Amino acid sequence: MGSTLLLFTPLSITSPPSTKIRHCATSPKLHSSSTIIRPSHSLSQRTYIPSHVYTHPSAILLEICSDMKELYQILPLIIKNGLYNEHLFQTKLVSLFSKFGNLRDARVVFDPIADKIDALYHTLLKGHAKSSSLEEAVSFFHRMLYDDVRPVVYNFTYLLKICGDNSDLVRGKMIHSQLICNGFSSNVYAMTAVVNMYAKCRQINEAWKMFERMPQRDLVSWNAIIAGYAQNGLARRALELVLRMQKDGESPDSITVVTILPACADIGLSRIGKSIHGFVIRAGFWSLVNVSTALMNMYSKCGLVGKARLVFDRMQMRNVVSWNSMIDGYAESGNSEEAMVIFKKMMKEGVEPTDVTIMGALHACADMGDLEQGKAVHELSNRIGLASHASVTNSLIAMYSKCKKVDIAAELFKKLKNKTLVSWNAMILGYAQNGRVSEALDHFCKMQQENVQPDSFTMVSVISALADLSVLRKAKWIHGLIIRSYLDKNIFVMTALVDMYAKCGGVHMARKLFDVMEERHVMTWNSMIDGYGTHGLGQDAVELFEQMQKDAIKPNNVTFLCVLSACSHSGLVDEGYRCFTSMKQDYGLEPGNDHYGTMVDLLGRAGRLDEAWDFIQKMPIEPGISVFGAMLGACKIHKNVELAEKAAKRLFELDPEEGGYHVLLANIYSDASMWDNVAKVRKTMEKKGLQKTPGCSLVELKNEVHTFYSGSTSHPQCEKIYARLEMLVDEIKAVGYVPDTNSIHDVEDDVKKQLLNTHSEKLAIAFGLINTSPGTTIHIRKNLRVCGDCHNATKYISLVTGREIIVRDMHRFHHFKNGSCSCGDYW
């Protein structure tokens, strides 16, 4: 409408609008004469407006009015000068009230006017489309038609936009039909809005049909269809259309560039992204903030955060979106420390942070596990009034959960008034990450009770919690729920299911799901390979890795870690060496400390301790805790005191607060009958206040998890458990079991045997035998490595009871059946 303006009557007038016959009003045209002819009730009737009205100071003030405060200051001048009955002022007031989002006062002006011109309707409809709900906007459009106001093309573009923004396809189609009835089906602006609407409603094929039917297209039309394909995940098609657009004679503009760069990022086409960057420089778009920001996003999502930083540093001007993009780029790439450096620099330069800024900073703090910086960002969000935003609260919940302060996260969640699906997901994941499976499942159930429908993210979080619980029956329950929720085709949900079944002991079920998946992500392959590895099926893991390569699926760092771990658990030294060499040689991936640690574990378990130590000395990176931890564990297996002391010395320097390494060294000394050294280690532990993590075993029965600690007597069935265990020990001794007391010292032999017989695994097995029917498989989860005596005893228990016993310890699964273990005593 340009400066076509609306109408005004005093705000105190509340009389209802009169019924009238409408005719189309055109925009006012200025003439050199003293009057302006404007359409009114009929073609023959004219309204004459003196030219001085347009030059009145109040009219000039309205033209430069920039906010509601200024508008309310101008209103008394208009009323005082008797100008409120002039169509110019009425239209302008409705326009400004609508522009500032105050539709209530716009209606107060609009409703009492007896002789409404069409421009008033068009302006108020625009206000509704921009500032009210879709329901209200469509309702006003219907009133406009009822009042016999002929729609103009912009009415439809505004309405179609709000339909698209709300993904309301039904109303969108209704507006489309009205557009056709009013003769705008050949109008390029109207049809571009139609294309946009269908694309935003995820009807991209329908959007394409509309685009093809357009008798003429402009650059905006092309940008609309390209954006439609890009936003619907069809990045390659979007890129193809950019080429076709150029063949049709349209050159890309900055909007095209901003639209297509995210498409390059979505499919990791950094090469094309770089080409677009070159075009940006040649076309002179490099100085535009939105273009540079889009380039930063593209490089970051393609894993080239260094190039994103170069773009950022060269920007002549930056807005808050640019800063946010750089913070997110570093956080998403795993360089959270640099993300916080950028965040602090942004604060120092006085850039006002938004909720997105705070969310990015909290993401970085969460990834670092930096509680102090996280609290500082929390305090900042309180000071600037952003902490109450649901999105910020959700990020706070995630940050506190990752920093092991899930109770603080729970308090924030409890106080959150408008909980969204994201809020529930963050809290469920928070509990799952902190091993509080029961609370995660409770919140999942409460979420459903409040009619909040779970999505794929919810399911992945719940599945992860159940995977840690390692209860096969619950795994089957969530699997059924996923099928009923129609999420069984989602690649991430199905990948989580594969991982869960493998971690719940159902590795064969995991493979069945893997085989029926229509699409697999590299994470899917990783989960299945890791599943085989933890079950001691190293050869199966290697074969699946080879199949992955044949299917042209590019492995990542995690893939190689899974394969190396599988080789380690199965003693496949040669295969592990080939895999480790291939990692850098064939795929250009740099091994990290975890990869080197797994290689040391592979060599150490196989008894090649000197080779393992030599491997450590030749590492191109500084060996970390995982490397020396693997070395110390191998020395325990093969009773090598000399190398154990070297590895332990480095571990005590790297992680002086971990008591487990001291205990492991003490056990190595004990095996070698070096009692003075054992005493020294114990004295050091006492002096430092270090303690070993107590071993515990868990058994799930009838939706309740029972936890047992070595020698504990707190269980309600304590007497029955110990009585059954005593009988069990006699039974297995009769078939050849001999207690291994070497790891216990400073007590009498009878006491040693008694301590062994009350280990948590044995208590859990006895409980399972008492409370399950004959032939039922017993599933046990252990938080530490299974000790040698319990491993030996469980083999005999499986023989005398005829039961299969599945034990998942901190490293792998042990399937005990008929007197043998699936690990082949290699663990």
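As the structure is a prediction and not an experimental result, all values here were calculated from the model.

S.K.: How would you sum up the pattern of salt bridges? Please name residues and give values.
M.R.: A pair can form between side chains of opposite charge whenever their charged atoms are brought close. Using the criterion set out here, one finds 28 salt bridges in the structure. D614 is paired through a salt bridge with K618; the nearest N and O atoms lie 3.1 Å apart. Between K762 and D789 there is a salt bridge, with its nearest N and O atoms 2.8 Å apart. Of the two residues, K762 is situated in helix α42 (residues 760–771) and D789 in helix α43 (residues 788–801); the sequence distance between them amounts to 27 residues. The same class applies to K762 as to D789, namely buried. Residues joined in a network through salt bridges with shared partners are E135, D168 and R171.

S.K.: Requested: an account of the UniProt feature "repeat: PPR" (unreviewed entry) in the protein, with residues and values cited.
M.R.: The sites that UniProt annotates as "repeat: PPR" (unreviewed entry) are residues 117–151, 187–217, 218–252, 319–353, 420–454 and 521–555. Along residues 420–454 the backbone is 74% helical and 0% strand, and the end-to-end C-alpha distance reaches 11 Å.

S.K.: I'd like to hear about the sheet that holds strand β4 (residues 704–709), residue by residue, with values.
M.R.: Taken in spatial order, the six strands of this open sheet run β4-β3-β5-β6-β7-β8, and their pairing is mixed. The open sheet has two edge strands with one neighbour each: β4 and β8 (820–821). Sheet topology places strand β3 (residues 696–701) next to β4; six bridges connect them, and they run antiparallel. Its bridge partner being in β4, L701 is matched across the sheet by E704. Of the strands in this sheet, β6 (805–808), β7 (813–817) and β8 touch α43, which is tilted by about 40 degrees from β7.

S.K.: Please provide a residue-by-residue account of the packing of aromatic side chains, values included.
M.R.: The final tally for this structure, using the stated rule, is 21 aromatic pairs. Here F312 and W323 contribute two aromatic rings whose centre-to-centre distance is 5.1 Å and whose plane-to-plane angle is 80 degrees, an arrangement assigned as edge-to-face. One end of the pair, F312, is in helix α17 (residues 305–314); the other, W323, is in helix α18 (residues 320–332), with eleven residues separating them in the sequence. For the pair F312 and W323, one class covers both residues: buried. With 5.8 Å between their ring centres and 45 degrees between their planes, Y596 and F615 make a pair best called tilted. With a gap of 19 residues between them, Y596 in helix α34 (residues 593–605) and F615 in helix α35 (residues 609–617) connect regions that are remote in the sequence.

Rules and cut-offs
Residues numbered from 1 in each chain as written. Predicted model: local features only at pLDDT ≥ 70, side-chain atom pairs only at ≥ 80, totals over all residues. Heavy atoms only, no water. Salt bridge = Lys/Arg side-chain N within 4 Å of Asp/Glu carboxyl O. Helix = DSSP H or I, 4+ residues; strand = E, 2+ residues; numbered from the N terminus. Buried < 20%, exposed > 50% of the residue type's maximum accessible area, 1.4 Å probe, protein only. UniProt positions renumbered as here; feature names shortened; annotations may be inferred. Pairing = 2+ DSSP bridges. Contact = heavy atoms within 4.5 Å. Axes fitted to C-alpha atoms, helices over the stretch in contact; angles between N-to-C directions. Phe/Tyr/Trp six-rings, centres within 6.5 Å; stacked < 30°, edge-to-face > 60°.

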